[in-house]
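Residues per chain, in single letters:
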Amino acid sequence: PDQYRVFGNPIEHSRSPDIHHIFAEKSQQSIDYQKQLVDIEDFSNAVSGFIHQGGKGANVTVPFKEQALIIADELTERASLAGAVNTLSFREGKIFGDNTDGEGLVQDLIANNVILKQSRILLLGAGGAARGVLLPLLAQTPHSIVVANRTVSKAEILCQHFADKRLSACGFQDLEQQQFDVIINATSASLSGSLPPIPISLISQNVVCYDMVYGKDLTPFLRWAKENGAIKVIDGLGMLVGQAAVSFEVWRGIAPEVRSVIDSLRASLK
Ligand code: ATR
C-alpha cells in the first residue's frame, strides 16, 4: 500500500489514521496511514526520512504547519495565503504543499445547508485558524466578511494581507450595531473553556453559529449562542473530517463520503 503519515507534537490523540483508513476502505484504495510524533527541532528530517522510505504524502498538524510551508517546493494559492500547510504530497522528486482546512470548513458548512453566497459572515479571531479559512470562504462569494479580534491590529493586518474589498476588521465591541448571517469562531478561546466577548445582540433565530473546536459537549461559544436563541449551532468535527477528505482527494483523486465518518466519530467522542 502507499504510505502516508501525520506529523505533529503532540500526536497521540490524532484521529487522522482512523479517518483515512475508513476513507480508503470505502473507496477501495490501498493505503497505510500512521501517526508520527516529531521533535520540535526535527520536522524537516522527519519529512526527508519519510520521503526516503517511499512515503507518498503527509498531513501536518500543530506546531509544524508553518515549517511545512517553508520546506515545500511548490504551494497552492490557498496554502500560500493561509501561511500554513497541512497537506504535503511527494512526487516527481518534489514536495508539494497544500492547505485543506478552509475547504474542509466550507464543505462542512455546505453539508449543513448553510448559505454562504451573498451572506454576511463574522469571523472571530485573527490567528492561524482564521487566516487558513479566508480564501476558501471568499471563494464562496459572500456579501462580506468581518474579522473581529481581541487584538484589533492583528485583524487589520490579516485583512490587509488579503486585500479584498469584501473584508474588514474590527474589535469585539464594534459589533454592537451589526447583524450577520453566519458567525464562525476561529479563536482558541473554546480550548480554554472561555468564549470571545461578543454582544448578545448578534444572536437571533436567523444566525448560524459555527465553532472550529469540537467535543462531546457543545463548546462555550455554541452553548452561549444556543441559550440566546441561535437555531443552528455546529461544531468543528465536520471540519476535521472535511479537511481530511480534501487531503485524501488531493492524494488519491477521489472525494470520499464524509457523513458516516462524522457520525461514527461523534458517537465515539468522550
Ligand atoms: P490558532 O492557530 O488556533 O488560530 P493563534 O494563532 O494563537 O492560534 O490565534 C489564537 C486566536 O484566538 C487569536 O485571534 C486570539 O486573539 P488575540 O489575537 O487577541 O490574542 C484568540 N483568542 C484566544 N483566546 C481568546 C479569548 N479568551 N477570547 C478572545 N479571543 C481569544
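Reading the values: the criteria
- Residues numbered from 1 in each chain as written.
- Predicted model: local features only at pLDDT ≥ 70, side-chain atom pairs only at ≥ 80, totals over all residues.
- UniProt positions renumbered as here; feature names shortened; annotations may be inferred.
- Axes fitted to C-alpha atoms, helices over the stretch in contact; angles between N-to-C directions.
- Helix = DSSP H or I, 4+ residues; strand = E, 2+ residues; numbered from the N terminus.
- Parallel < 35°, antiparallel > 145°, perpendicular 65-115°, else oblique.
- Left-handed = near helix turned anticlockwise from the far one by under 90°.
- Contact = placed C-beta atoms within 7 Å.
- Nonpolar A, V, L, I, M, F, W, Y, C, P; charged D, E, K, R; others polar.
- Expected span 1.5 Å × (residues − 1).
- Buried ≥ 20, exposed ≤ 12 C-beta atoms within 10 Å, placed from the backbone.
- Pairing = 2+ DSSP bridges.
- Near = placed C-beta within 6 Å.
- Right-handed = clockwise from strand over helix to strand, strands pointing away.

Per an unreviewed UniProt entry, the protein is named Shikimate dehydrogenase (NADP(+)), and its organism is Colwellia psychrerythraea. The heading Subunit (unreviewed entry) in the UniProt record of the protein holds the text "Homodimer." What the UniProt record of the protein gives under Pathway (unreviewed entry) is the line "Metabolic intermediate biosynthesis; chorismate biosynthesis; chorismate from D-erythrose 4-phosphate and phosphoenolpyruvate: step 4/7."

Caption draft 1: Layout of the packing of helix H5 (residues 101-111) against helix H9 (residues 237-252). Close contact between H5 and H9 brings their axes to 7 Å; oriented N to C, the two are set at 120°. When the axis of H5 is compared with that of H9, the two are oblique. Crossing angle aside, the handedness with which H5 passes H9 is right-handed. Where H5 approaches H9, its residues Asp101, Glu103, Gly104, Leu105, Gln107, Asp108 and Ala111 are matched on the opposing element by Gly238, Met239, Gly242, Gln243, Ala245 and Val246. Here the residues of the contact of H5 with H9 are counted per class, giving five nonpolar, five polar and three charged.

Caption draft 2: View of H9. The terminal C-alpha atoms of H9, which comprises 16 residues, lie 22 Å apart, in line with the 22 Å expected from a rise of 1.5 Å per residue. Among the 16 residues that make up H9, twelve are buried, leaving the element largely enclosed by the rest of the structure. Along H9, the residues that are buried comprise Gly238, Met239, Leu240, Val241, Gly242, Gln243, Ala244, Ala245, Val246, Ser247, Phe248 and Trp251. Positive phi appears at glycine 253, one or two residues downstream of H9, with a value of about 75°.

Caption draft 3: Expanded view of the sheet that holds strand E11 (residues 208-211). Read from one edge to the other, the open sheet built from six strands follows the order E9-E8-E7-E10-E11-E12, with strand pairing classed as parallel. Bordering the open sheet on either side are strand E9 (167-170) and strand E12 (232-234), each of which pairs with just one other strand. Averaged over all pairs of adjacent strands, the angle between strand axes in this sheet comes to 20°, irrespective of strand direction. Examined bridge by bridge, strand E8 (residues 144-148) and E9 share four bridges and lie parallel to one another. When the sheet's bridge partners are listed, valine 147 is paired in E9 with alanine 169. Sheet strands in contact with helix H8 (residues 220-227) are strand E10 (182-185), E11 and E12, and its direction is about 165° off that of E11.

Caption draft 4: Structural detail: the sheet that holds strand E6 (residues 94-98). With mixed pairing, six strands are arranged side by side in an open sheet as E2-E1-E3-E5-E6-E4. With partners counted over all chains shown, the strands left at the sheet margins are strand E2 (31-37) and strand E4 (74-75), one partner each. Direction of pairing for strand E3 (residues 57-60) relative to strand E5 (residues 87-91): antiparallel, over a ladder of three bridges. Of the residues in E5, the one forming a bridge with asparagine 59 is threonine 87. Packed onto the sheet, helix H1 (residues 16-26) meets strand E1 (2-8), E2 and E3 and runs at close to 175° relative to E2.

Caption draft 5: Quick peek at the UniProt feature "domain: Shikimate dehydrogenase substrate binding N-terminal" (unreviewed entry) in the protein. The positions UniProt marks with the feature "domain: Shikimate dehydrogenase substrate binding N-terminal" (unreviewed entry) are residues 6-88. Helix makes up 41% of residues 6-88 and strand 22%, whereas the separation of the span's terminal C-alpha atoms amounts to 10 Å.

Caption draft 6: View of the site of the ligand. Residues in contact with the ligand amount to 15 residues; listed here are only the nearest, Gly127, Gly128, Arg150, Thr151 and Thr187. Top element by residues in the shell around the ligand is helix H6 (residues 128-138). It accounts for three residues. Across the shell around the ligand, the residue classes tally to five nonpolar, eight polar and two charged.

Caption draft 7: Quick peek at the UniProt feature "domain: Quinate/shikimate 5-dehydrogenase/glutamyl-tRNA reductase" (unreviewed entry) in the protein. Here the UniProt-annotated "domain: Quinate/shikimate 5-dehydrogenase/glutamyl-tRNA reductase" (unreviewed entry) positions come out as residues 116-190. Helix makes up 29% of residues 116-190 and strand 24%, whereas the separation of the span's terminal C-alpha atoms amounts to 24 Å.

Caption draft 8: Inspection of the pairing of E1 at higher detail. Burial of E1 is extensive: five of the seven residues sit out of reach of the surface. With seven bridges connecting them, E1 and E2 associate as parallel partners. For tyrosine 4, the partnering residue across the bridge sits in E2 and is tyrosine 33. Viewed along the sheet, the connection from E1 through H1 into E2 turns out right-handed. Of the strand pairs in this sheet, E1 and E3 are connected by four bridges, and their pairing is parallel. Looking across to E3, one finds that phenylalanine 7 is bridged to valine 60.

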